[in-house]
Amino acid sequence: MRELVELIAKSLVDQPELVEVTQVEGEKSVIIELKVAPDDMGKVIGKQGKIAKSIRALAKAAAAKEGKRVSVEIIK
Amino acid sequence: MESVEKRGKSVDEAIKAALEELGAEFEDVTIEILEEPTKGLLGVLGKKSALVRVTLRDKPEAKVVEILEKILQCMKIDYRIQAAEFSEGVVRVNIVGNDMGLLIGRKGETLNSLQFLMGLIVNRGREDKIRVMLDVEDYRLKREQGLRELALRLSEKVKRTNRSVVMRPMTPQERRIVHTVLQNDPAIVTYSQGEEPNRKVVISLKR
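About the criteria used
Residues numbered from 1 in each chain as written. Chains lettered and ligands numbered in written order. Predicted model: local features only at pLDDT ≥ 70, side-chain atom pairs only at ≥ 80, totals over all residues. Heavy atoms only, no water. Helix = DSSP H or I, 4+ residues; strand = E, 2+ residues; numbered from the N terminus. Rg over C-alpha atoms; globule rule 2.2 N^0.38 Å. Buried < 20%, exposed > 50% of the residue type's maximum accessible area, 1.4 Å probe, protein only. Contact = heavy atoms within 4.5 Å. Areas by Shrake-Rupley, 256 points an atom, 1.4 Å probe, with all protein chains shown as cover. Lys, Arg positive; Asp, Glu negative; His and termini not counted. Charge placed at Lys NZ, Arg CZ, Asp CG, Glu CD. 1 Å grid on protein atoms, 1.4 Å probe; cavity = no way out; pocket = protein on both sides within 12 Å on 5 of 7 lines; lining within 4 Å. Points joined across faces, edges and corners; volume = space filled by probe spheres on them. Nonpolar A, V, L, I, M, F, W, Y, C, P; charged D, E, K, R; others polar. Axes fitted to C-alpha atoms, helices over the stretch in contact; angles between N-to-C directions. Parallel < 35°, antiparallel > 145°, perpendicular 65-115°, else oblique. Left-handed = near helix turned anticlockwise from the far one by under 90°. Buried area = accessible area lost by both parts, 1.4 Å probe. Salt bridge = Lys/Arg side-chain N within 4 Å of Asp/Glu carboxyl O. Polar contact = N/O pair within 3.5 Å; in protein donor to acceptor, adjacent residues only side chain to side chain. Domains from an automatic or database assignment.

### Observations concerning the overall build of chain B
Here's step 1: If you tally the helices and strands in chain B, you get six helices and nine strands.
Here's step 2: Whereas a compact globule of 207 residues would reach a radius of gyration of roughly 17 Å, chain B reaches 25 Å, over 25% beyond that.
Here's step 3: For the C-alpha atoms alone, the extent of chain B along its principal axes is close to 80 × 50 × 25 Å.
Here's step 4: Per-residue burial for chain B yields a buried fraction of 38% across its 207 residues.
Here's step 5: Relative to all contacts within chain B whose residues are 6 or more apart in sequence, the contacts with residues 24 or more apart total 54%.
Here's step 6: Accessible surface computed for chain B: about 12,800 Å², of which carbon and sulfur atoms make up 49%.
Here's step 7: Charge separation in chain B, taken as the distance between the mean sites of 37 positive and 33 negative side-chain charges, equals 8 Å.

Next comes the structure, spelled out in structure tokens:
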């Protein structure tokens, strides 16, 4: 899942080298934290959070495959 | 765009040499003949070889498939790309496999998200924007055909009854299909009303 979020984020931003993704694994849930360059925030959030919503939808599907819940947080 | 110029005794030979250098097939390139060969006098004087420029064609469908495969592999989805084609500014990809229910998601949420992200990624740094349409086991294609038929039936009804018809709320992609299929009907106008996500197409008579 970390790889998935990282792959998508790196494909969207202008500074892929500044993309950092960490994954905190729980028993049934996973928390993924996505950090990008300040100028790239818009590229992973989008108008009305549309891009962030889409990234979450894909992470959710990937997590469902492993029987887990996932939350993707975009942090500053 | 990658291109090479090559000379040869004939146009065919020049093209062949260029294709070899590019490692490309005939259907993947566009060819310009810059100089026709001339035989010259007695085969000696003024003899000129052919010069061609061979350019690799832009293949956005290849890029779409490349990114799509990476994402699907990351998601550990069992999939196979059945078809990917590019025409009139739209890349259409049809995916089949065992995890298609998961890939479509509730109300198509996952598939629509993937399609939206693919569009963003592929259009990064592109001048002429292209649309990406992802389909799963021709699900959208079938729905699209159904929608076209419905639009035509409703337009007939509008003409018959002289009354406008308001369709159910639809996504921009679906509304676009209705507008497109009826835009050449001189007796009919279509427009959308309401706000997302309750925007609806209205079919009415042209006055």
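Read on, since the account is not over.
### Focus: empty space enclosed by the protein
Here's step 1: Across all of its chains, the model carries one cavity of 30 Å³ or more by this definition.
Here's step 2: Its volume calculated, the largest cavity comes out at about 40 Å³.
Here's step 3: Lining the largest cavity, in full, are M1, A62, K65 and E66 of chain A together with C74, M75 and K76 of chain B.
Here's step 4: Residues belonging to the lining of the largest cavity are distributed by class as follows: four nonpolar, no polar and three charged.

### Let's talk about the packing of helix α1 (residues 2-12) of chain A against helix α2 (residues 60-74) of chain B
Here's step 1: Running from N to C, α1 of chain A and α2 of chain B cross one another at 155°; their axes reach a closest spacing of 8 Å. Put simply, α1 of chain A runs roughly antiparallel to α2 of chain B. At the point where α1 of chain A passes α2 of chain B, the crossing takes the left-handed sense. Packed against α1 of chain A, whose contacting residues are E3, L4, L7 and I8 of chain A, the element α2 of chain B presents K70, I71 and C74 of chain B at the interface.
Here's step 2: Classifying every residue of the contact of α1 of chain A with α2 of chain B by side-chain character gives five nonpolar, no polar and two charged.

### A look at the interface of chain A and chain B
Here's step 1: Tallying the contact residues gives 20 residues for chain A and 16 residues for chain B.
Here's step 2: Interface area, chain A with chain B, both sides summed: about 1,700 Å², of which 72% is carbon and sulfur.
Here's step 3: Taken as a group, L7, L58 and K65 of chain A account for 30% of the area that chain A buries against chain B, more than any other trio of residues on that side.
Here's step 4: Where chain A packs against chain B, one counts three salt bridges.
Here's step 5: There are five residue pairs in polar contact (both at pLDDT 80 or more) connecting chain A and chain B.
Here's step 6: In terms of residue class, the side of chain A that touches chain B is built from 12 nonpolar, two polar and six charged.

### Remarks on the domain arrangement of chain B
Here's step 1: Partitioning chain B into domains gives domain 1 (3-56), domain 2 (60-137) and domain 3 (142-205).
Here's step 2: A straight line from the C-alpha centre of domain 1 of chain B to that of domain 3 of chain B covers 52 Å.

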